[in-house]
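# Reading the structure
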Protein chains: 2
Amino acid sequence: MKTRIISGCVMLPLLVVVYLGGWWLMAAAFLVGIIGLHEFCKGFEASETVPCKPLGYAAAVLLYGLNALFTDDYRFVMFWVTVVVMASMIYGFDVEKRKLEDMTATLLGILYTVFLSYHIVLIDQSPFRQLIWLVFLAAFGTDIMAYFTGMAIGKHKLCPHLSPKKSIEGAVGGVIGSVVFCVLFGHFFAPDFKVLCLIIGFFGSIVSQLGDLSASAFKRQMGIKDYGNLIPGHGGILDRFDSVLFTAPVVFYCIEFLA
Amino acid sequence: MKTRIISGCVMLPLLVVVYLGGWWLMAAAFLVGIIGLHEFCKGFEASETVPCKPLGYAAAVLLYGLNALFTDDYRFVMFWVTVVVMASMIYGFDVEKRKLEDMTATLLGILYTVFLSYHIVLIDQSPFRQLIWLVFLAAFGTDIMAYFTGMAIGKHKLCPHLSPKKSIEGAVGGVIGSVVFCVLFGHFFAPDFKVLCLIIGFFGSIVSQLGDLSASAFKRQMGIKDYGNLIPGHGGILDRFDSVLFTAPVVFYCIEFLA
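This part takes up the interface of chain A and chain B. Contacts between the two partners involve 52 residues from chain A, matched on the other side by 52 residues from chain B. Taken together, both faces of the contact between chain A and chain B bury some 4,900 Å²; the carbon and sulfur share is 83%. Interface area lost by chain A to chain B is led by M78, M89 and L100 of chain A, which between them contribute 16%. Linking chain A to chain B there are 2 salt bridges. Salt-bridge contacts for E256 of chain A lead to R75 of chain B; the nearest nitrogen and oxygen are separated by 2.7 Å.

Okay, the relation of the copies chain A and chain B next. In this structure, two copies of a chain are linked by a rotation about an axis accompanied by a shift along it. Turning chain A through 180 degrees and shifting it by 0.0 Å along the axis lays it on chain B, with an RMSD of 0.0 Å. In the structure described here, the two chain copies are related by an operation that fits a two-fold rotation axis. When the interface residues of chain A are mapped onto chain B, 100% of them again lie at the interface, so the same face is used by both copies.

The next thing to look at is the packing of helix α4 (residues 53-69) of chain B against helix α6 (residues 100-125) of chain B. Residue and element names in this part refer to chain B. It is the contact of α4 with α6, at a shortest axis distance of 10 Å, that shows an interaxial angle of 25 degrees. By the criterion of interaxial angle, the relationship of α4 to α6 is roughly parallel. With respect to the hand of their crossing, α4 and α6 are arranged in right-handed fashion. Contacts between α4 and α6 involve L55, G56, A59, A60, L63, Y64 and N67 from the former and T106, I110, V114, S117, Y118, V121 and Q125 from the latter. Among the residues forming the contact of α4 with α6, the class breakdown is 9 nonpolar, 5 polar and no charged.

Bringing helix α2 (residues 12-20) of chain B into the picture now. Residue and element names in this part refer to chain B. For α2, every residue scored as buried is listed here: L14, V17 and V18. Taken down its axis, α2 places every buried residue within 100 degrees of arc, on the same side. Along α2, exposed side chains directed more than 90 degrees from the buried face belong to L12 and Y19. Considering only its buried residues, α2 is in contact with α3 (22-46), α7 (133-153) and α10 (237-258). Downstream of α2 by a residue or two, G21 has a phi angle that is positive, lying close to 65 degrees.

Here is what the cut-offs are and how they apply
- Starting afresh in each chain, residues are numbered from 1 along the sequence in its written order.
- Working convention: letters from A go to chains and numbers from 1 go to ligands, in the order in which they are written.
- At least 70 in pLDDT is required for a residue's local features to be given in this predicted model, at least 80 for side-chain atom pairs to be given and counted, and no such filter applies to totals for whole chains, interfaces and linings, which use all residues.
- To get the side-chain values, take all heavy atoms of the structure and skip hydrogens and water.
- Should any heavy atoms of two residues lie within 4.5 Å, those residues are considered in contact.
- As used here, buried area is the combined drop in accessible area, with a 1.4 Å probe, of two parts when they are placed together.
- Within this document, salt bridges are pairs made up of a side-chain nitrogen of Lys or Arg and a carboxyl oxygen of Asp or Glu, the two lying within 4 Å of each other.
- A least-squares superposition brings the copies together, and it is based on the C-alpha atoms of residues with pLDDT no lower than 70 in both.
- Axis lines are fitted through C-alpha atoms, for helices just across the contact stretch, and the angle between N-to-C directions can take any value from 0 to 180 degrees.
- Strands here are runs of E lasting at least two residues and helices are runs of H or I lasting at least four, both read from the DSSP assignment and numbered beginning at the N terminus.
- If an angle is under 35 degrees, it is roughly parallel; if it is over 145, roughly antiparallel; if it lies from 65 to 115, roughly perpendicular; otherwise it is oblique.
- We call a crossing left-handed when the near helix sits turned anticlockwise from the far one by less than a right angle, and right-handed when that turn is clockwise.
- By the convention adopted, Pro, Cys, Tyr, Trp, Phe, Met, Ile, Leu, Val and Ala count as nonpolar, Lys, Arg, Asp and Glu as charged, and the other residues, Gly among them, as polar.
- Note on classification: 1.4 Å probe, protein chains only; a residue is buried when its accessible area is under 20% of the maximum for its type, exposed when over 50%, partly exposed between these limits.
- An arc is given here, and it is the one of the directions from the helix axis to the C-beta atoms.

Structure, rendered in structure tokens:
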């Protein structure tokens, strides 16, 4: 509970950045990608896998550089993915020093943190940028409502091996909460897109919870409790943004294909 | 030498498929992706990493399905990459059974085999489909010319740890050979794109050799000699197509951004 309130306060500057959009939001998404990558790589290092951090940072700079030069040309994103795949493989040339995991972890680390968070920028650049709020409404709305619903009526465990405190009731409450938040947002701020807001609220919430559980699964395997200590006592960037990383693409592709 | 001649004969049907293009080439690229994925996963299994093969096959079907439905809409490729990243992470939910490597290897396996080989289809669908021959001229031209140059004047080892037989002289000969082949192709079959053919011949050859060395690095780490045994005594699909997987994207992006 305390974690949630404190995190909430820490999230306030985020609201300002999302409201401002443009370069501010791009800088924020870039930072989330870079710091997230750093934390994710540190997690891997705890399990004796050594992803190539410099390659990850270079990849982030390349992606945002290409984005600045060629807005809205998605071929450059494909090109970037290809470069990252090849570079991660070439990282393994030093066969005496590298292990298979070092290469594969480099690729997943970059795509998970840098590529997924980049979707925030893509939404901001789309003609429907006001819908960017749905990323956070779906992610944090799910989180908060799942917590309260689980506290109130949670009985059946969702996946005890992975996250012992989560209940099926909480998960359902999270989905309902997310849908309600997103539909209310649509009603007041995007009346032309009410159905889209409902769809995003529904799928965004499910994927948000998958993002949360994925982060738990990785932390478990890495043998760490939190990804970082950016907010003392309350985890790192990835601990706060694990669900946002998954909802941002949902919002972007829903906008692109359904709006 | 014998390997190269026999492989050359096996490659003849490939020429027909490339010439026909369309569905034939798409089926061939799909098969290279699927069989390549199978071989790559088997390699990982030799080192006790277990990527999710069914997920890989499903990803391949999804990519080619999306391609058939939405030709030339690259947003679907980005969407696909996102789905593959998330699905590879969700594969780890069964924390008792899965290791970190299983998830990361799944992602790299799919992107390496299915995504890179898919660029052959993308070239075939582009307005400059006749340039698809450059993929094979650069890859096999490099291979053959590097071999003969290395045999004739090879003295300085290229990277003894990784591939003891390769020489710097061979690598340079490969690049020159590839450039000559590609420029000759341009001269006779694509006179409007001579400079582009030269650029592709140059970069395609370098990247082709990186693809070859990457495959060697992975096989070393996996503790296997060949990826497969499709052509008895002469390796699997990935052993023959390791450089093509890397040159196909080079040709595609050169066409997209420079033609």
